[in-house]
Amino acid sequence: MTVHQRAAAAAPATPSPLASPARTAGPSSIIDRPLADTSLPLFLPADLRDIERASAAQLPPHMLMARAGAAVADWLYGHLPALATAGRQPVLLLAGPGNNGGDAYVAARELHRRGVLVDVWQLAPPTASDAQWAHAEAAAAGVPIRPAPETWPAPSAYAWIVDGLFGIGLSRPLDGAAGRLVENIGYAHTQGTPVLAIDIPSGLGAANGVVSGPVVRADVTMAMLGACPGLFTGGGRDIAGRVVVATLGADSALVTAAATACLSTSAPDAFLADLPQRHHATHKGSYGSLAVLGGYDGMIGAPLLSARTALMHGAGRVYVGFVAHDAPAWDPVHPELMLRHAEGIDLAAMQAVAIGPGLGTSAASAACLSRVLAMEHTPLVLDADALNLLAAEPSLAERVRARPGPTVLTPHPLEAARLAGCDVQRIQSDRLASARALARHFGATVVLKGSGSVVDDGSRAWINTTGNAGLATAGTGDVLTGAIGALLAQGMSATSAALAGVWLHGRAAERCVSEGTGPAGLTASELLPAMRNELGQCLKRAPLP
């Protein structure tokens with residue numbers, strides 16, 4: 001069909017009452033806001049299927065799909081270039097055989113009714129009943145639908161590409177015709193054509209963010225009903241782009257499901273109420289003493305980074321205990337720090353202890369960790385080599401499991417693999433399950449670091465959405481440890497301190513990049529003043545006790 005023929009066909013036939021925008025969109029709303037500012041409930045694919053069935057049962061046939069397609073069309077129409085809204089540049093919609101493809105058919109019909117040129121490429125005929133209905137409605141309205149061709153037009157031929165190939169149920173790598181089509185989408189995307197994914201980019205694991213074959217890279221993903229965790233962790237943050245959520249009028253079912261799912265993104269509303277407030281009639285002792293232990297030979301910078309961070313997160317007093325015997329006597333950058341040999345710190349006088357940065361795995365390092373674990377009730381952060389020692393010495397791990405005091409573990413994927421006795425691929429294949437298993441095994445709050453860091457306290461999990469690639473440099477983990485330790489010393493719970501530290505850490509990296517520093521070349525030390533600024537902004541928002 002030529003452009004002129006498509007323009008003539010854009011005058012709709014008599015619309016189906018069910019498919020009419022005035023009668024299908026219904027009470028649907030689109031959540032389109034910075035997700036780092038307000039937490040968003042997350043749902044595993046099976047949970048979303050239950051929500052979908054419960055919501056559809058309360059509506060006329062096909063209504064939920066009609067709302068989904070209308071939501072895609074509404075959002076996309078508001079973001080089309082002038083050429084497209086004037087009917088002079090088409091939108092390409094790709095439809096798979098399932099309900100994801102059905103949403104694309106409805107969206108194509110709604111755009112077509114508004115005078116937008118559309119092409120629908122069909123990977124396979126629809127098999128689901130709702131998708132068959134949507135296909136029939138689109139064809140009856142004159143929407144051009146054809147099998148996906150092997151050859152791709154010029155990259156600039158389309159204003160947008162809409163990925164309606166596969167939804168949240170896909171559990172295998174894409175191959176064959178689907179894989180080739182996705183690779184063609186990727187080429188057009190690299191040449192500047194924006195991509196909107198319906199539900200989830202095809203090829204991305206909805207539950208885990210795993211990419212195991214060809215995958216659609218989206219600029220925007222519109223999740224239907226609710227969002228899956230795979231959009232925010234693992235490969236998801238690189239693949240999904242900006243995530244918006246169309247609730248499709250299922251608010252009641254979503255609220256009920258969220259109450260039992262115990263999974264969400266992390267945002268200040270998860271920890272603001274627990275932030276330690278600052279009052280005039282206080283002194284340094286009011287804000288806790290923190291000991292940071294580590295710094296074996298050649299690694300004394302690591303605990304210094306942690307301790308400097310702790311100062312900038314409000315700890316009243318910060319001690320640094322080095323395992324190395326030739327450690328410095330003072331810190332010229334922050335002379336406020338009190339430097340000692342690790343054995344010279346009175347741990348009983350500390351409100352919290354952070355151990356692991358640069359600790360090493362020597363006999364002296366293990367003895368230092370053993371001494372810390374004797375403080376069974378003191379809030380504790382275990383990082384880096386402290387975690388490696390736990391993995392190597394089961395007796396130390398058992399003491400962590402037995403301690404009644406608050407404990408935070410902050411492993412990166414390799415450290416998590418050592419603790420779990422598996423390989424990194426196993427950890428990354430299901431980051432949520434890995435964090436939960438470690439949290440329950442150690443009776444601790446676990447921060448599984450990485451893109452979309454997971455915080456899990458054994459019964460509830462959060463995925464952090466702040467941060468960027470600037471954090472992929474030496475020392476940033478030490479900075480995080482110091483932040484969590486300082487918040488623990490000021491009386492925050494293990495989970496609240498972990499949530500706040502991780503969120504502030506990522507937000508500081510975003511602030512640095514927005515101000516022209518990084519992401520390439522951003523150093524861990526540069527995060528500290530940015531984290532302090534972000535903490536100050538959060539304290540202004542925190543409710544008064």
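Since this is a predicted model, take the numbers as computed values, not measurements.

Thresholds, definitions, all that
- Residues numbered from 1 in each chain as written.
- Predicted model: local features only at pLDDT ≥ 70, side-chain atom pairs only at ≥ 80, totals over all residues.
- Heavy atoms only, no water.
- Core = buried A, V, L, I, M, F, W, Y, C linked by side-chain atoms within 4.5 Å.
- Buried < 20%, exposed > 50% of the residue type's maximum accessible area, 1.4 Å probe, protein only.
- Helix = DSSP H or I, 4+ residues; strand = E, 2+ residues; numbered from the N terminus.
- Domains from an automatic or database assignment.
- Pairing = 2+ DSSP bridges.
- Expected span 1.5 Å × (residues − 1).
- Arc of directions from axis to C-beta.
- Polar contact = N/O pair within 3.5 Å; in protein donor to acceptor, adjacent residues only side chain to side chain.
- Contact = heavy atoms within 4.5 Å.
- UniProt positions renumbered as here; feature names shortened; annotations may be inferred.
- Buried area = accessible area lost by both parts, 1.4 Å probe.
- Salt bridge = Lys/Arg side-chain N within 4 Å of Asp/Glu carboxyl O.
- Nonpolar A, V, L, I, M, F, W, Y, C, P; charged D, E, K, R; others polar.
- Axes fitted to C-alpha atoms, helices over the stretch in contact; angles between N-to-C directions.
- Right-handed = clockwise from strand over helix to strand, strands pointing away.

**What to know about the nonpolar core**
In globular proteins that are soluble, nonpolar side chains generally tend to be buried together.
Thought 1: Counting residues in each nonpolar core, the largest one holds 105 residues, and the members touching the most others are V91, L293, I355, L382 and L390.
Thought 2: When residues in this core are grouped by element, the largest group, nine residues, is from helix α4 (residues 63-77).
Thought 3: Lining this core are residues from two domains, each supplying at least three of them: domain 1 (30-261) and domain 2 (282-381 + 400-408 + 429-541).
Thought 4: Of all hydrophobic cores here, the second largest spans 54 residues; its members include L339, A352, A508 and A509.

**Points about the sheet that holds strand β1 (residues 30-31)**
Thought 1: Reading across from one edge, β1-β8-β7-β6-β5-β2-β3-β4 is the order of the eight strands in this open sheet, with mixed pairing throughout. The open sheet has two free edges, formed respectively by β1 and β4 (145-147), since each of these has just one partner strand.
Thought 2: Here strand β2 (residues 91-95) pairs with strand β3 (residues 118-122) via five bridges, running parallel. Bridge pairing links A95 to Q122 in β3.

**Here's the deal with helix α7 (residues 129-140)**
Thought 1: Along its twelve residues, α7 runs 17 Å from first to last C-alpha, staying within 8% of the 16 Å computed at 1.5 Å per residue.
Thought 2: Residues of α7 that are buried include every one of A131, W133, A134, E137 and A138, and no others. One side of α7 carries all its buried residues, which in axial view fall inside an arc of 155°. Exposed and facing more than 90 degrees away from the buried side of α7 are S129 and A140.

**Here's the deal with the side chain of T233**
Thought 1: Here T233 lies in the loop between β7 (220-224) and α9 (236-239).
Thought 2: The class for T233 is buried, based on a relative accessible area of 1%.
Thought 3: Engagement of the side chain of T233 in a polar contact is seen with the side chain of R431, the distance being 2.8 Å.
Thought 4: Among residues more than four places away in sequence, those in contact with T233 are N208, G209, R431, S451, G452, V454 and I463.

**Comments concerning the UniProt feature "binding site: AMP" (unreviewed entry) in the protein**
Thought 1: With numbering aligned to this structure, UniProt lists the feature "binding site: AMP" (unreviewed entry) at K449, G450, S451, G452, S453 and G477. For this annotated set, covering 29 residues, all C-alpha atoms fall within 14.4 Å of each other, a compact arrangement in space.
Thought 2: Tracing the backbone through its elements, the reader meets K449 in the loop between β16 (445-448) and β17 (454-456).
Thought 3: The contact partners of K449, leaving out residues within four places of it in the chain, are D383, T410, P411, H412, P413, R431, G477 and L480.
Thought 4: In terms of polar contacts, K449 uses its side chain to reach the backbone carbonyl oxygen of T410, at 3.2 Å.
Thought 5: With respect to the element layout, G477 can be found in helix α18 (residues 476-489).
Thought 6: A residue is classified by how much of its surface remains accessible, and G477, at 18% relative accessible area, is buried.
Thought 7: Discounting residues that sit within four places of it in the chain, G477 has contacts with D383 and K449.

**Describing the domain arrangement of the protein**
Thought 1: What the domain assignment lists for the protein is domain 1 (30-261) and domain 2 (282-381 + 400-408 + 429-541).
Thought 2: In this structure, domain 1 and domain 2 have C-alpha centres spaced 40 Å apart.
Thought 3: At the junction of the two partners, domain 1 supplies twelve residues and domain 2 supplies 15 residues.
Thought 4: Contact between domain 1 and domain 2 buries roughly 1,100 Å² in total, counting both sides, with carbon and sulfur atoms accounting for 48%.
Thought 5: Its largest share of buried area at the contact with domain 2, domain 1 owes to A36, T233 and R237, together 46% of the area lost on that side.
Thought 6: The interface formed by domain 1 and domain 2 holds one salt bridge in total.
Thought 7: We note a salt bridge from R507 to D37, for which the minimum N-O separation is 3.0 Å.
Thought 8: Between domain 1 and domain 2 we count ten residue pairs in polar contact (both at pLDDT 80 or more) in total.
Thought 9: Across the side of domain 1 that touches domain 2, the residue classes tally to seven nonpolar, three polar and two charged.

**Describing the sheet that holds strand β12 (residues 338-341)**
Thought 1: Strand order in this open sheet of ten strands is β9-β18-β17-β16-β15-β14-β13-β10-β11-β12, and the pairing throughout is mixed. On the outer flanks of this sheet lie β9 (263-266) and β12, each paired with one strand and no other. Sheet twist, expressed as the mean angle between neighbouring strand axes with direction ignored, is 20°.
Thought 2: Note: β17 against strand β18 (residues 461-464), three bridges, orientation antiparallel. Considered in β18, the bridge of V454 is made with I463.

**What to know about the environment of L59**
Thought 1: The topology assignment puts L59 in the loop between α3 (45-56) and α4.
Thought 2: A residue is classified by how much of its surface remains accessible, and L59, at 22% relative accessible area, is partly exposed.
Thought 3: Distance from L59 to A131, taken between C-alpha atoms, is 16 Å for residues 72 residues apart in sequence.
Thought 4: Contact partners of L59, with chain neighbours within four places excluded, come to L64 and R67.

**Here we look at the pairing of β3**
Thought 1: Burial of β3 is extensive: five of the five residues sit out of reach of the surface.
Thought 2: Covered by surrounding structure in β3 are V118, V120 and Q122 together with D119 and W121, the residues of both alternating faces.
Thought 3: On the question of chirality, the crossover connecting β2 to the parallel β3 by way of helix α6 (residues 99-113) is right-handed.
Thought 4: Sheet topology note: the β3/β4 ladder contains three bridges and is parallel. Bridging from a neighbouring strand, Q122 pairs with P147 of β4.
Thought 5: Crossover connection from β3 via α7 to parallel β4: handedness right-handed.

**Concerning the UniProt feature "binding site: K(+)" (unreviewed entry) in the protein**
Thought 1: With numbering aligned to this structure, UniProt lists the feature "binding site: K(+)" (unreviewed entry) at N100, D163 and S202. The named residues occupy 103 residues along the chain; their greatest pairwise C-alpha distance, 9.9 Å, places them in one compact cluster.
Thought 2: Summarising the element assignment, N100 is placed in helix α6.
Thought 3: Residues contacting N100, with those up to four places away along its chain left out, are D163, G164, L165, F166, G167, I198 and D199.
Thought 4: Of note, D163 is situated in strand β5 (residues 161-164).
Thought 5: Not counting residues up to four positions away in its chain, the partners in contact with D163 are L94, N100, L196, A197, I198, I200, P201, S202 and V216.
Thought 6: Of note is the side chain of D163, whose polar atom sits 3.0 Å from the backbone nitrogen of L165.

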